[in-house]
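Descriptive structure summary
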Amino acid sequence: MKLLSVVIPCYNSAEYMRHCIESLLPGGEYVEILIVNDGSVDQTAAIADEYAKRHPTIIKTIHQENGGHGEAVNTGIRHATGVYFKVVDSDDWVDIRAYLKLLDTLHSLVEKEKQVDMIVSNFVYEKEGATYKKVIKYDKVLPEGRVFTWNEMKKFPKGKYILMHSVIYRTQLLRECGLELPKHTFYVDNLYVYTPLPYVKTMYYVNVDFYRYYIGREGQSIQESIMIKRVDQHIKVNKLLIETVQIDEIKDENLRHYLLKHLEIVTVISTFLLIKSGTKENLRKKKELWKYIKNNDAHLYGFLKYGLLGPIVHLPGRPGRMVSVGVYKVSQKLIGFN
């Protein structure tokens, strides 16, 4: 039985995918590595097939027409046979010691027949040229070394939330919640993390620095200039987050609070990108986004407008926009969201 299925979405990843794959191989037969070649036109397909041939009981390559990161993850979920499921992007990698400890934890949970819906671990920003590696830990929020529920965790501080890098889901839960990420859409990692949360009943936190999140590759989707160019994609995901989960129907207070805080951060980032661009069209889109939120959910609108940076992003005129950008930049450094 495979404990863990790891999907590696690959699009023209030949330059760096080997490092990612090699970091996952120490999991041995407990792990299933699904390399999804998403319509690449470089040597990605050949490299993926090479690894699958060398490790036929561990690695499976799936070739498909280009559908974007979300469709590659969808394909991984459809093909996964492991009890648990993890996404590792092809330019990222994992720490081997932390990886082996995580696998020991998964093995223990399965052996003791403890059904855990979500496992959380830490991740590290591997920023190009940075001497200090920022580690995102959850030890101040989540209990360690035991299964817990939403009402046993503390409230997340401002700016800290669960990212794709820090989460492992039970595979069947992803299927039961009907997760289907949109094709040809950037920033769907937010949907991947957010959509299953109302279905999560039990969790486990492993305090290891597992995922290494590389930042610095030219053209990376998280570069601010790229995000501004693709701001429509960010708005699309922002709206889908609001539509996917009806927060008012969530009974658990801690879960509801977390969902609101996650939405808050995503919406502030969408708004900042629109303000930072400074174009009339994007300033119009900013008004439309907030009008959409108000019309869709008045309670959510009030929470977002008067919460984290909400009042700041609504300061009027060019001076107000300059203040908004300045405060956001300071918040990035103090709070730590990227």
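What this report covers is the structure whose coordinates are included nearby. Keep in mind it's a predicted model, so treat the numbers as computed, not measured.

1. Points about the pattern of salt bridges
- Under the defined criterion, the tally for this structure stands at 16 salt bridges.
- Between Lys 137 and Asp 209 there is a salt bridge, with its nearest N and O atoms 3.4 Å apart. With Lys 137 in the loop between β7 (134-136) and β8 (147-148) and Asp 209 in strand β10 (residues 203-215), this residue pair connects regions lying 72 residues apart in the sequence.
- Judged by relative accessible area, which is 24%, Asp 209 ranks as partly exposed.
- Among the ionic contacts, a cluster of salt bridges with common partners joins Arg 18, Glu 22, Glu 50 and Arg 54.

2. Remarks on the packing of aromatic side chains
- Under the definition given, this model contains twelve aromatic pairs.
- An angle of 70° between the planes, with centres 5.3 Å apart, marks the rings of Phe 123 and Tyr 125 as edge-to-face.
- Residue classification places Phe 123 among the buried residues on the basis of a relative accessible area of 1%.
- In this structure Tyr 125 comes out as buried when scored by relative accessible area, which is 9%.
- Cluster of aromatic residues (ring-pair linked, three or more members): Tyr 138, Trp 150, Phe 156, Tyr 205 and Tyr 258.
- Sitting over the ring of Tyr 51, Arg 54 keeps its end group 4.7 Å from the ring centre.
- It is Arg 230 that lies over the ring of Phe 186; its NZ or CZ is 3.7 Å from the centre.

3. Digging into the pairing of strand β6 (residues 118-127)
- In terms of burial, β6 is largely enclosed, as nine of its ten residues are buried.
- Direction of pairing for β6 relative to strand β9 (residues 167-170): antiparallel, over a ladder of three bridges. Across the sheet, Val 120 pairs through a bridge with Val 167, a residue of β9.
- In this structure, β6 lies alongside β10, joined through ten bridges in parallel fashion. Pairing of Val 124 across the sheet is with Arg 212, part of β10.
- Examined bridge by bridge, β6 and β7 share three bridges and lie antiparallel to one another. Bridging from a neighbouring strand, Tyr 125 pairs with Lys 134 of β7.

4. Details of the packing of helix α1 (residues 17-24) against helix α2 (residues 44-54)
- Running from amino to carboxyl end, α1 crosses α2 at an angle of 20°, the nearest separation of the two axes being 11 Å. On the basis of their axis angle, the class for α1 and α2 is roughly parallel. Of the two possible hands of crossing, α1 and α2 adopt the one that is right-handed. Contact residues: Met 17, Arg 18, Ile 21 and Glu 22 in α1; Thr 44, Ile 47, Ala 48, Glu 50, Tyr 51 and Arg 54 in α2.
- When the residues that make up the contact of α1 with α2 are grouped by side-chain class, the tally is five nonpolar, one polar and four charged.

Rules used in this analysis
- Each chain carries its own residue numbering, running from 1 in the written order of its sequence.
- Reporting in this predicted model follows two pLDDT cut-offs: at least 70 for local features of residues, and 80 or more for side-chain atom pairs to be given and counted; totals over whole chains, interfaces and linings ignore these cut-offs and use all residues.
- Side-chain numbers come from the whole structure's heavy atoms, not from hydrogens or water.
- Definition used for salt bridges: Asp or Glu carboxyl oxygen within 4 Å of a side-chain nitrogen of Lys or Arg.
- Secondary structure elements are defined from DSSP: runs of H or I of at least 4 residues count as helices, runs of E of at least 2 residues count as strands, and each element is numbered from the N terminus.
- Exposure is judged per residue with a 1.4 Å probe applied to protein chains only, and the accessible area is read against the type maximum: over 50% gives exposed, under 20% gives buried, and values in between give partly exposed.
- Note on aromatic pairs: the rings of Phe, Tyr and Trp (six-membered ring only in Trp) are paired at centre separations within 6.5 Å, and the planes decide the class, stacked below 30 degrees, edge-to-face beyond 60, tilted for the rest.
- Note on geometry: a ring has a charge over it if NZ (lysine) or CZ (arginine) is within 6 Å of the ring centre and within 35 degrees of the ring normal.
- Following DSSP output, two strands are said to pair if at least two bridges run between them.
- Only the stretch in contact is used when fitting a helix axis, every axis being a line fitted to C-alpha atoms; angles between N-to-C directions are given from 0 to 180 degrees.
- With respect to orientation, any angle under 35 degrees is reported as roughly parallel, any angle over 145 as roughly antiparallel, any angle of 65 to 115 as roughly perpendicular, and every other angle as oblique.
- By definition, any crossing whose near helix is turned counterclockwise from its far helix by less than a right angle is left-handed, and any crossing with a clockwise turn is right-handed.
- Pairs of residues are marked as contacts when any of their non-hydrogen atoms sit within 4.5 Å.
- Think of it as three bins: nonpolar holds Ala, Val, Leu, Ile, Met, Phe, Trp, Tyr, Cys and Pro, charged holds Asp, Glu, Lys and Arg, and polar takes everything else, Gly as well.

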